[in-house]
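# Survey of secondary and tertiary structure
Listed here are the chains, written in short residue letters.
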Amino acid sequence: MKNKIYLDNASTTKIDDDILDKVIDYIRQSYGNPSSLYKDGKEAKKIIENARIQVAKAIGAKENEIYFTSGGTEADNWILKQVLNSEKKALVTSKLEHHAILNTAEFLSKNGVSVKYLDVDKNGKVLSDKLEKMNSGEVSLVSIMYSNNEIGTIQDIKKLAELAHEKGAIFHTDAVQALGKIDIDVKRDGIDALSLSGHKIHAFKGIGALYVSDKIKITPQIFGGEQERGKRASTENVGGIMSLGLACEKINDEIENIDKIINLRDYFIKNVLENIDGVILTGDRVDRIANIASFCFKDVDSSLALILLDKEGISVSAGSACMSGSIEPSHVLQAIGVGNEYIKGSLRFSFSKYTTKEELDITLETLKKIIQKVR
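Report on the accompanying structure. Counting restarts for each chain, with residues numbered from 1 along the sequence as it is written. Note on the predicted model: pLDDT of at least 70 is required for a residue's local features to be given, and 80 or more for side-chain atom pairs to be given and counted; whole-chain, interface and lining totals, by contrast, use all residues. Note that water and hydrogens are dropped before the side-chain values are worked out from all heavy atoms of the structure.

### A short note on the overall build of the chain
Helix and strand labels come from DSSP, where a helix needs a run of H or I of at least four residues and a strand needs a run of E of at least two; each type is numbered from the N terminus. Within the chain one finds 12 helices and 12 strands. Since a compact globule built from 375 residues should have a radius of gyration of about 21 Å, the 21 Å found for the chain is in line with a globular shape. Classification of the 375 residues of the chain by burial places 56% in the buried group. Areas reported as accessible are Shrake-Rupley estimates using a 1.4 Å probe. Residue values count occlusion only from the protein chains shown. Looking at the chain as shown, the accessible area adds up to about 16,700 Å², and 49% of this sits on carbon and sulfur atoms. Across the chain, the mean location of the 51 positive side-chain charges is 2 Å away from that of the 54 negative side-chain charges. For this measure, only C-alpha atoms enter the radius of gyration; the expected value for a globule follows 2.2 Å times N^0.38, where N is the number of residues. For every residue, the accessible area (1.4 Å probe, protein chains only) is compared with the maximum for its type, and the residue is labelled buried under 20%, exposed over 50%, or partly exposed between those bounds. Asp and Glu count as negative and Lys and Arg as positive, but His and the ends of the chain are not part of the count. By convention, the charge on Lys lies at NZ, on Arg at CZ, on Asp at CG and on Glu at CD.

Dropping the structure here:
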């Protein structure tokens, strides 16, 4: 293996070294149950509540509006299943959501919930005309992802939230990919509920959070003890929660990294399009998340290209990492109308604060040779 170049940060990120050191130092010294009254227990509880403040600050929320979960998938499931308890059992979402939303929506549809899917344009922008035509009170919840995990397109979340409210609906957004790359303010943008995940922002895997406005009543996700104000029982993942809080605290401190990542992304996109024939960029060119460059290569088997890249020490994804084992074409690429000659040649490159220009130059040269070889 000649190199070790990691360009799959939309799938998961390296744990920040500083965060890892702080969490390890803590859990080596203190391992009390946060529900206990002795010193170690109180210290663990303090860690959790401090992290709750850090997460809330990162998205412009109140600390009592943050509920810790096992990740973005659980947060998505939790908020969507609230529709089952609503007077009007109706959900509106889009055709390019993460499967945490789509599969939950399918479950809901089999349990008495009316589910409507909004179309998207060729760049992955949600077409809101169907929502605009709905009658007020016709829908309970609207859930649209902030930025797409495959093609990187950013939605006009404030406008979509306003439309949802006009219809008397709660507005939720899956912001798993957006956190840390976009200025998120739930109060400014009218977001009632939001899902996020730690491992996308250099925190641990297995930790996430659901923001729910304190104006909205939610039913418990897990019954048992009184953890998370009685809404999600189970002894808390203190180390994971601590890592998420620290990662959220770093978002504002490391804002300069976003410009660096955008510059690397644009450099990479420019060079791929100029130096490789038969390739299209997927997603919106302007309203695109900072760290995602996604392409479809004509007459290429992306699985084979991915394997050959891996042999050269370069880690990328064939579209969404959650679907990389599937032989079916990406539902996102189908939704934006990618042609048959391109749709199976999807490769997603995603960057982080640790990515360097030198790594991209090596990747560009290697990619050009591999595409030619696969064809």
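### A short note on the packing of helix H2 (residues 39–59) against helix H7 (residues 238–253)
In this analysis, axes come from line fits to C-alpha atoms, helices being fitted only over the stretch in contact, and the angle between any two N-to-C directions falls in the range 0 to 180 degrees. One way to put it is that H2 packs onto H7 with a least axis distance of 8 Å and a crossing angle of 35 degrees. Both H2 and H7 take part in a crossing whose hand is left-handed. Taking contact as the criterion, the partners of Ala44, Ile47, Ile48, Ala51, Gln54, Val55 and Ala58 in H2 are, on H7, Val238, Ile241, Met242, Leu244, Gly245, Leu246, Cys248, Glu249 and Ile251. Within the contact of H2 with H7, the residues separate by chemical class into 13 nonpolar, 2 polar and 1 charged. Note on convention: near helix rotated counterclockwise from far helix by under a right angle means a left-handed crossing. Clockwise means right-handed. Only heavy atoms matter for contacts: two residues are in contact if any of them lie within 4.5 Å across the pair. Residues are grouped as follows: Ala, Val, Leu, Ile, Met, Phe, Trp, Tyr, Cys and Pro are nonpolar; Asp, Glu, Lys and Arg are charged; all remaining types, including Gly, are polar.

### Things to note about unusual backbone geometry
Even without being glycine, histidine 202 reaches a positive phi, approximately 75 degrees. The residue histidine 202 is located in the loop between strand E7 (193–197) and strand E8 (208–212) in this model. Phi is positive for glutamate 228, which is not a glycine, with a value near 50 degrees. Here glutamate 228 shows up in the loop between E8 and H7. The exposure class of glutamate 228 is buried, given its relative accessible area of 5%.

### Focus on the environment of leucine 364
Turning to its location among the elements, leucine 364 is positioned in helix H12 (residues 357–374). Residue class for leucine 364 comes out buried when judged on its relative accessible area of 12%. Sequence-distant contacts of leucine 364, defined by excluding residues within four places in its chain, comprise Tyr267, Phe268, Asn271 and Val272.

### Brief notes about the environment of lysine 167
In this fold, lysine 167 is placed in the loop between helix H6 (157–166) and strand E6 (170–174). Look at lysine 167 and you get buried, because its relative accessible area is 10%. C-alpha of lysine 167 to C-alpha of methionine 134: the two residues are 33 residues apart in sequence and 7.2 Å apart in space. Aside from chain neighbours lying at most four places away, what touches lysine 167 is Leu131, Glu132, Met134, Asn135, Ser136, Gly137, Glu138 and Val139.

### Details of the sheet that holds strand E3 (residues 90–94)
One open sheet holds the 7 strands; their spatial order is E2-E8-E7-E6-E5-E3-E4, and the pairing between them is mixed. Taken across any chain shown, the strands that pair with only one partner, and hence form the sheet edges, are strand E2 (66–69) and strand E4 (114–118). Mean inter-strand twist for the sheet, computed between neighbouring axes without regard to direction, equals 20 degrees. Note that E2 and E8 share 4 bridges and pair antiparallel. Residue pairing across strands places threonine 69 opposite glycine 208, the latter belonging to E8. A pair of strands is labelled paired if DSSP reports no fewer than 2 bridges between them.

### Brief notes about the pattern of salt bridges
For salt bridges, the criterion is a side-chain nitrogen of Lys or Arg within 4 Å of an Asp or Glu carboxyl oxygen. Taken as a whole and judged by the stated rule, the model has 22 salt bridges. Its salt-bridge partner being glutamate 74, residue arginine 232 comes within 2.5 Å of it at the nearest N-O pair. Highlighted residues: arginine 232 in the loop between E8 and H7 and glutamate 74 in helix H3 (residues 72–80), separated in sequence by 158 residues. Assessed through its relative accessible area of 12%, glutamate 74 is described here as buried.

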